[in-house]
Every structure is written in C-alpha cells, then in structure tokens.
Amino acid sequence: MALNATDRLELSGVSLTLGDQPVLQDLTLATGRGEVLVVLGPSGCGKTSLLRLMAGLVEPGSGTVALNDAPPVPGHGIAMMFQSYRLLPWKTVAANVAFALPDLPRAQREDRVSEVLHLVGLERFADRYPAALSGGMRQRVALARALAPRPDFLLMDEPFAALDAQARELMQAELLRLVGASGGPGVVFVTHSVDEALVLGDRIILLSPRPGRIITDMAVPFARRPDPHDHPDYPALRRTLWERLRQAVLTDPASDFYRPG
Amino acid sequence: MASQSAHLADRKGTGPVATAALRLGFLALILLAWALAARHAPPGLFASPVAVAKAGIGLASSGKLWPALAASLQVYLVGTGLAVMFGGALGIAMGIWPALGRTLDIYVNALAATPRVAFIPLIIVLLGLGLEAKVLIVFLGAVMPIVLNAHAGVQAADPDLLEMAASTGASRGRILWHVILPGAVPFLITGIRIGSTIGLINTIVAELYTAISGLGGLLAVYGSRFQMAEYLAVVIVLALIGVGMTEALRLVSQRLMRWRDV
C-alpha cells in the first residue's frame, strides 16, 4: 500500500451474471489514484455489483478486473464504504476503526486509529459505542475505518443517501477535503443523485438500466471548485445528465416508469 | 431478554425500587395464600410457611442440608457446564459449516423432542448409578436448547456486517470472533437460560432415578415419610438455586451487551 502515483484500477470487457440475470455487460474503464470517479445510474443497474467486482468480493463472468495489473484482493489496497454504516455495534468507535487494521502491531494500530479519528473530527468519541452516535457521526466513523489502512482506492456505495440533506452536504465537503489532500486515495463513488455526481465527481460515468453498460463517460469541467452549483456550466450539464438518465429509465421495460412506444 | 423488558419497564416510570417493592408485595401475597391453604389442608399433607421456615433452619443447622446441596450443585454445575461448552461449540460449528448444520439439524431436533428420561435405564447400564450417570442425565437435558440456539445465533449473523468484514480482508477466524460470535450472544444466553432450567430439573430426576443422593434424595426421603415441612424447605432451596442461576445469567448478559444501553 505504498504511495504510488500510478496506482490504477482497470476493468476491461467485464460482464457479470448473477443466477440467470445479466447484471453488467462489457464494461471497460480505468481510474487512477487521485481521481473521484462517480458512477451514476438508475436503481438496480448493477452499480453495487460493479463495486463488489472492483473490491474483489465477486469475480467477473468474463473480462478482467485489475488493481495495478493484478486481480484485486479484499482489504489489500481497496476499502469499501456502504450506505448503511455497517459498524459493529458491540465495538467502540476506536475498535471499529481498528477492525480494518488487523495486521498492524498494537502501538502502530492505536496511533493510526487516533490519527484517522482526528481526521474526521471524532477523537472525542473514541470510547463511545455506535448506538450513542448520530447517523452523520456513524458515517464518519465508517469513513475513518475505510481510510485507516491507507487504501489506494476507496469504493463508496451511496454512502450519504441515508443522511439528512445538511449532513449529506457536509459529508460531501468532508470527503473532498480528505481525498483532495496529497496522497489521497482514488475514489469510485456510486450514487443515483445527479447533483451529488456533479458536486463530487472529477469524472462521471452513466450506466444504463440492467444489464448495466456505460452510456456516458464525461469529465466534469468545474471539478473541485468551491460552490460548483454556481458555475455557469452547471445547469446545462445537470440537464443533459438528467435527460439521459430519464430516457434510460423510461425505455427500460423493467422500470416502474416504463412507457412502451 | 429480561434486561430489555426491565429497560422498557424503566422507561414507563417503574424504577428498580418500585419493582423490588412490587415483588415483595407479591411474595407477601403468596405467603398469605400458602398460610391459608395450609390451615385448611388435612394435617400431614401440607405445611405452613412458618413450619417450613423452621424445618429449613433445622435442616441447615443439623448439617443435613449442606452435603446434599453440595452433591446436587456438583451434578448440576458439571452437567450444565459441559452442556454449555459442548452445545455451544456444536451449535456454532453447525452454523459455520452449513453442510454440517443441515446434516445434524434433524437429529438434534429429534433428540430435543425425545423425553431424555427414556435414556435413563440405558445410561445406568452403561455408566452405573454414580456421578457420571447423573452428570450425563443433566448434560443431555441441558445441551439441546443450547445447541439449537447457538446454531440459530450464528445463522442470524448480519449479512451486511459479514460483507463489510470480508471487504476489509478479514480472515474467517477474525470474522467469527469479531462479527459472528458477538452477534450470537443473545441467542447463546437464551439457550443457556433454557438449558440450565432443564438441567436443574434433570439433576433432581437423576438423583431420584439413580443412586439416591443430594437434594433429590432428601425429597425422596421426606416425601415418603410425609415430612411436608422439610420436603417444602428442600423445594424452596431448589427454587433459590434456579433464581440464583437466572440472576447470574442476567448479569453476564448485561456485561456482554453493555453496548445496547448507551
């Protein structure tokens, strides 16, 4: 997990079938350390499956997934964050973060835990149990846990969708601050919100309904600017993305909003 | 969970002091009903609370109670302890290896439904009438609910937490120790609670059906002589053992599940 400016996560020709359901179809994409790649798509388009593939939790039916030219191994250079915080309720905040650091000697582990808790501003709550924390605080613990092993890539599955609007906006800014620092990980961020995609992404990929294919792959011109909403290109870009997303949903026979013809 | 219901009760405004007062009041009611019943029952069939208390003090001071109590506790605690260790391990193994769970599940359930008293003659033939036979009878009674609940506890592990653990690259042992077992604790405690109750019943059954000994032996002696005061004093000692065990388990589960009450 050494700092490496050329860390790359690559998919080529990846398809995935679960049971007899094709989930992802012929995906080819690459991202590197330092980029925030947002994956945008309608519900059930295989976004979560895409992250599982990248994390090495499932193997593709065909094609290859590679982290620095080798198949990804869970926990080695890749960390995940989920919509539900997935903290261990019987462990304190510090112990939850330490859970992601099994191989470190005790002293180093404790140092790293207080370091990342400081990073997310929760060092005062190190000895609390998750039940005593608000949703936003729990998600910051989950973020600290994900950052603790210094991953090359951070895979995030709609991590802020369960938060209220204010907490969500604060967490978005927090995330950009943390990954924008030098040596920050690459981020693959899954969302179904066009606005979240535009605020966070350096690059946005739009997936079709199941089986997911890449419809659009575009760079965000105002990435990492303060107040992206105020950028003159924001409304047009938002409209374009939203229109493509809407069309994809309306023409999908499996969607609730399908309109034949 | 007793701890949960106590928690709920507390929220409704019944504090621990009020609960204790209500319990004492109910105890007084029982004693009153008992005294009335004893007064109207034919002599020799029942004994009043006062007579039972006197008999209990007599048993304790004459030294008859203590060796019997020690003998019964030995059978009870060894049998139940072995059941916790073996049953817990087997149930957890059945949960971790689904093939093992599917294979054994039906047999465990069949054995759990069979009255274990039916095995006593067989046990006597195999092990005789001594401590080993008694411990086995207690063990067989206590082990089944522990196996079944431990199995259920592992099966109930949260798939979201398992996926999270897998994504950190955690080993199987680490997932078992930090994710599966802590999640199974409430199930394990429930299993042990039911198992220890059956274990206490089987302690007395064992002491009556094999070599007469312990508190069960005292019951047999006083019952056959219609010494109802002494007989009921022994029954109360048994009830106290049961209460003690339940309270001990409650404290253990409170300690293990501190994280719930924050």
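Rules of the game
- Residues numbered from 1 in each chain as written.
- Chains lettered and ligands numbered in written order.
- Predicted model: local features only at pLDDT ≥ 70, side-chain atom pairs only at ≥ 80, totals over all residues.
- Heavy atoms only, no water.
- Phe/Tyr/Trp six-rings, centres within 6.5 Å; stacked < 30°, edge-to-face > 60°.
- Helix = DSSP H or I, 4+ residues; strand = E, 2+ residues; numbered from the N terminus.
- Buried < 20%, exposed > 50% of the residue type's maximum accessible area, 1.4 Å probe, protein only.
- Pairing = 2+ DSSP bridges.

Caption draft 1: Inspection of the packing of aromatic side chains at higher detail. All names here are of chain A. Applying the stated criterion across every chain yields a total of four aromatic pairs over all chains. When the centroid spacing of 5.7 Å and the interplanar angle of 55 degrees are considered together, the rings of Phe 160 and Phe 189 count as tilted. Pair noted here: Phe 160 is in the loop between β6 (153-157) and α5 (165-180) and Phe 189 is in strand β7 (residues 186-191), with a separation of 29 residues, a long-range link. Judged by relative accessible area, Phe 160 falls into the buried class, the value being 0%. When the ring of Phe 222 is compared with that of Tyr 234, the centres are 5.6 Å apart and the planes differ by 35 degrees; the resulting orientation is tilted.

Caption draft 2: Structural detail: the environment of Gly 183 of chain A. Residue and element names in this part refer to chain A. Structurally, Gly 183 can be placed in the loop between α5 and β7. A relative accessible area of 41% means that Gly 183 is categorised as partly exposed. When the C-alpha positions of Gly 183 and Arg 150 are compared, they lie 9.0 Å apart, and in sequence the two are 33 residues distant.

Caption draft 3: Region of interest: the pairing of β6 of chain A. All names here are of chain A. The buried fraction of β6 amounts to five of the five residues, a majority that puts the element mostly inside the structure. Burial along β6 is two-sided: Phe 153, Leu 155 and Asp 157 and Leu 154 and Met 156, pointing in opposite directions, are all buried. For strand β5 (residues 78-81) and β6, the ladder comprises four bridges, and the chain directions are parallel. Residue pairing for β6: Ala 79 is matched across the bridge by Leu 154. Sheet topology note: the β6/β7 ladder contains five bridges and is parallel. The partner of Asp 157 across the bridge, within β7, is Val 190.

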